[in-house]
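What the coordinates show
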Amino acid sequence: MSKVPPPQLSVEERRAALEKAKSSRQERAAVKRAIASGEISIFDATNDPRESIRRMKVIDLLSALPGVGKSRASLIMERRNISLTRRIGGLGHLQLKALGKELALSKGDLARGKLIVISGPGGVGKSTITSALRGDPRFWISVSATTREPRVGERDGVDYFFHSHAKFMELIERGEFLEWAEFAGNLYGTPRSPVEEWRNLGKHVILEIEIAGARQIRAHEPKATLVFIAPPSWDELVRRLTSRGTDSPERRAARLALAEQEMAAASEFDTVLVNESVEGLIAELVSLATA
Ligand code: 5GP
């Protein structure tokens, strides 16, 4: 492969290029200082027609804001789906509006992430939805603790924290759960501190929990968003719940009775989303979270 040789610059041209780079740096530093002192807003900067400013990175602009800093700035950008390498000149109108909203909301500080509870009957596809959201940097999916045995392929600390009954009771005593409930003979609970920490970092936290736990969250965190995932129809849910050939007739009847009870709780939730397609549901959840 032949390499393209670097352009041959004369001494004069090289000096001019260095001068230009220096004055661009000075212009960018002056804009950052003006933002830090509150003399101009980031929107003034995005309207600056100078090439040196249009080529400035958005992250550098946001980080210059008082009380924001690099890590908060990158969270704001990730949450708004704006690439960290984006330059001011490449910001779209909608992205600019979104950033403005975020900054207005947080008054220069980062808005706390929302708490979103996803619940619904067994077999409705809740865990498929949370798995699909796992790669999205705007969200953090809570890892629950449980006393049930790990299923094949499940990993401790990833799918659940698997605890003995005694250990779980000790964690309840110490107030370490945001909520906890018994489901099908096992205990399940949401560890409190990671939820707080991630929300403080601006991530929207998702809890995928059963109905009794959702009710506790409603009681303690009235601002949480409670989402009920419903099947396209009752018949479809029956089909999904009974298609596991391994269940005994008694077990199948118990699963259906439980699903019926769970479906009756839908009206207690803020939003009911019908699981017609995973992609559609994800889009609805993202718009709920970022609304
Ligand atoms: P599985 O054992 O099939 O993973 O979960 C059984 C049920 O427990 C599901 O409805 C699931 O949403 C719920 N669950 C999982 N983690 C928690 C939790 O931390 N708290 C509560 N209340 N329910 C949970």
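Each chain has its residues counted from 1, running along the sequence as written. Only residues with pLDDT of 70 or above have their local features reported here, since the model is predicted, and side-chain atom pairs are shown and tallied only from 80 upward, although totals for entire chains, interfaces and linings are computed over all residues. Hydrogens are left out, water is left out, and the side-chain values use all remaining heavy atoms of the structure.

1. Let's talk about the sheet that holds strand β6 (residues 186–191)
The strands making up a sheet are joined through hydrogen bonds of the backbone, oriented either antiparallel or parallel. Only strands joined by at least two bridges in the DSSP assignment are considered to pair. We count a stretch as a helix when DSSP gives it H or I for four or more residues in a row; a strand needs E for two or more, and each element gets its number in order from the N terminus. Ordered by their spatial adjacency, four strands build an open sheet running β4-β3-β6-β5, and the pairing between neighbours is mixed. Unpaired on one side and paired on the other, β4 (161–162) and β5 (177–183) mark the two borders of the sheet. Pairing between strand β3 (residues 145–146) and β4: two bridges, direction parallel. Across the sheet, the residue bridging to threonine 146 is phenylalanine 162, located in β4.

2. Description of the environment of leucine 133
Structurally, leucine 133 is set in helix α7 (residues 126–133). For every residue, the accessible area (1.4 Å probe, protein chains only) is compared with the maximum for its type, and the residue is labelled buried under 20%, exposed over 50%, or partly exposed between those bounds. Under the relative-accessibility criterion, leucine 133 is labelled buried at 1%. Dropping the residues within four chain positions of it, leucine 133 is found in contact with Phe139, Ile141, Ile206, Ile282, Leu285 and Val286. Every residue pair with non-hydrogen atoms within 4.5 Å of one another is taken to be in contact.

3. Quick notes on helix α5 (residues 69–79)
Three or more residues of α5 are buried, namely Ala73, Ser74, Leu75, Ile76, Met77 and Arg79. Remark: asparagine 81 follows α5 within two positions and exhibits a positive phi of approximately 60 degrees.

4. Points about the site of the ligand
Contacts to the ligand come from 15 residues, most closely from Ser144, Arg148, Tyr160, Tyr188 and Glu210. A distance of 2.7 Å separates an oxygen atom of the ligand from a polar atom in the side chain of glutamate 208. Considered on its own, the ligand offers 510 Å² of accessible surface; in the complex 89% of this is hidden by protein. Taken together, the elements giving at least two residues each to the shell around the ligand come down to β5 and β6. Residue classes follow a fixed rule: Ala, Val, Leu, Ile, Met, Phe, Trp, Tyr, Cys and Pro count as nonpolar, while Asp, Glu, Lys and Arg count as charged, and any other residue, Gly among them, counts as polar. Grouping the constituent residues of the shell around the ligand by class yields five nonpolar, four polar and six charged. If a single non-hydrogen atom of a residue is within 4 Å of a molecule or strand, that residue counts as near it. N or O atoms closer than or at 3.5 Å make up a polar contact, with two conditions inside protein: a donor-capable atom paired with an acceptor-capable one, and, for residues adjacent in sequence, both atoms drawn from side chains. Residue exposure ignores everything except the shown protein chains as possible cover, and the areas themselves are Shrake-Rupley values with a 1.4 Å probe.

5. Remarks on the nonpolar core
By nonpolar core is meant a set of buried Ala, Val, Leu, Ile, Met, Phe, Trp, Tyr and Cys residues that side-chain atoms within 4.5 Å join together. Grouped together as the largest cluster of nonpolar side chains are 20 residues, with contacts concentrated most on Val31, Ile35, Val58, Leu61, Leu62 and Leu99. Looking at this core, the elements with two or more residues in it are α1 (11–36), α2 (42–46), α4 (58–63) and α5. In terms of residue count, the dominant contributor to this core is α4 (four residues). Setting aside anything within four residues of it in sequence, one finds leucine 61 in contact with Val31, Ile35, Ile42, Ala45, Thr46, Met56 and Ile88. In terms of nonpolar packing, the next biggest core, distinct from the first, is built from 19 residues, Ile118, Leu281, Ile282 and Ala289 among them.

6. A few points about the pairing of strand β7 (residues 204–208)
Of all the five residues making up β7, four are buried; the element is thus mostly covered by neighbouring parts of the structure. Where strand β1 (residues 115–119) and β7 come together, four bridges link them in parallel fashion. Across the sheet, residue valine 117 finds its bridge partner in β7, namely leucine 207. Bridging between strand β2 (residues 139–141) and β7 involves three bridges; their strand directions are parallel. Looking at β7, one finds that phenylalanine 139 is bridged to histidine 204.

7. A look at a positive patch on the surface
In this scheme, patches are assembled from residues that exceed 30% relative accessible area and form no salt bridge. Like charges are connected within 9 Å, while nonpolar side chains (Val, Leu, Ile, Met, Phe, Trp, Tyr) are connected within 5 Å. Salt bridge criterion: a side-chain nitrogen from Lys or Arg within 4 Å of a carboxyl oxygen from Asp or Glu. In summary, the charge assignment counts Lys and Arg as positive and Asp and Glu as negative, without counting His or the chain termini. Here the site of a charge means atom NZ of a Lys, CZ of an Arg, CG of an Asp or CD of a Glu. On the surface, Lys20, Arg55, Lys57 and Arg87 cluster together to form a positively charged patch. Along the chain, the position of lysine 57 falls in the loop between α3 (51–54) and α4.

8. Side note on helix α12 (residues 249–263)
For a helix, the expected span equals 1.5 Å multiplied by the residue count minus one. Compared with an ideal rise of 1.5 Å per residue, which puts 15 residues at 21 Å, α12 spans 21 Å between its outermost C-alpha atoms and is within 8% of the ideal. Considered for burial, the residues of α12 that qualify are Arg255, Ala259 and Glu262. Along the long axis of α12, the arc covered by the buried residues comes to 60 degrees, so they all point the same way. Pointing more than 90 degrees away from the buried face of α12 are the exposed residues Pro249, Glu250, Glu260 and Gln261. An arc is given here, and it is the one of the directions from the helix axis to the C-beta atoms.

9. Description of the packing of α7 against helix α13 (residues 278–290)
The relative placement of two packed helices comes down to the angle between their axes together with the axis-to-axis distance. With their axes 10 Å apart at the nearest point, α7 and α13 run at an angle of 65 degrees to one another. Here α7 and α13 pass one another in a crossing that is right-handed. Between α7 and α13, the residues in contact are Thr128, Ile129, Ala132 and Leu133 and Val278, Leu281, Ile282, Leu285 and Val286, respectively. The angle between two axes is taken between their N-to-C directions and runs from 0 to 180 degrees, where each axis is a line fitted to C-alpha atoms and a helix contributes only its stretch in contact. In a left-handed crossing the near helix is turned counterclockwise from the far helix by less than a right angle, and in a right-handed crossing that turn is clockwise.

10. A few points about the domain arrangement of the protein chain
Often, the extent of an interface is quoted as the loss of accessible area upon association of its parts. Considered domain by domain, the protein chain is made up of domain 1 (12–102) and domain 2 (115–290). Relative to domain 2, the C-alpha centre of domain 1 lies at a distance of 41 Å. Note on terms: buried area is the combined drop in 1.4 Å-probe accessible area of two parts once they are placed together, counting the loss on both. By the criterion of area lost to domain 2, the three top residues of domain 1 are Leu75, Glu78 and Arg79, representing 74% of everything that side buries. Across the contact surface, domain 1 and domain 2 share one salt bridge. With a shortest N-O distance of 4.0 Å, glutamate 78 and lysine 203 are connected by a salt bridge. Between the two partners, domain 1 and domain 2, sit zero residue pairs in polar contact (both at pLDDT 80 or more). Here the residues of the side of domain 1 that touches domain 2 are counted per class, giving one nonpolar, one polar and three charged. Throughout, the edges of the domains are those of an automatic or database domain assignment.

11. With respect to the pattern of salt bridges
One pass over the full model with this rule turns up 14 salt bridges. One salt bridge connects glutamate 12 with arginine 15, and the closest N-O pair in it is separated by 3.2 Å. Of this pair, glutamate 12 and arginine 15 both sit in helix α1, separated by three residues, roughly a single helical turn. The partly exposed category is assigned to arginine 15, whose relative accessible area is 49%. Arginine 174 serves as the salt-bridge partner of glutamate 176, at 3.1 Å between the closest nitrogen and oxygen. The exposure class of arginine 174 is partly exposed, given its relative accessible area of 47%. When salt bridges that share partners are traced, they join Glu170, Arg174 and Glu176 into one network.

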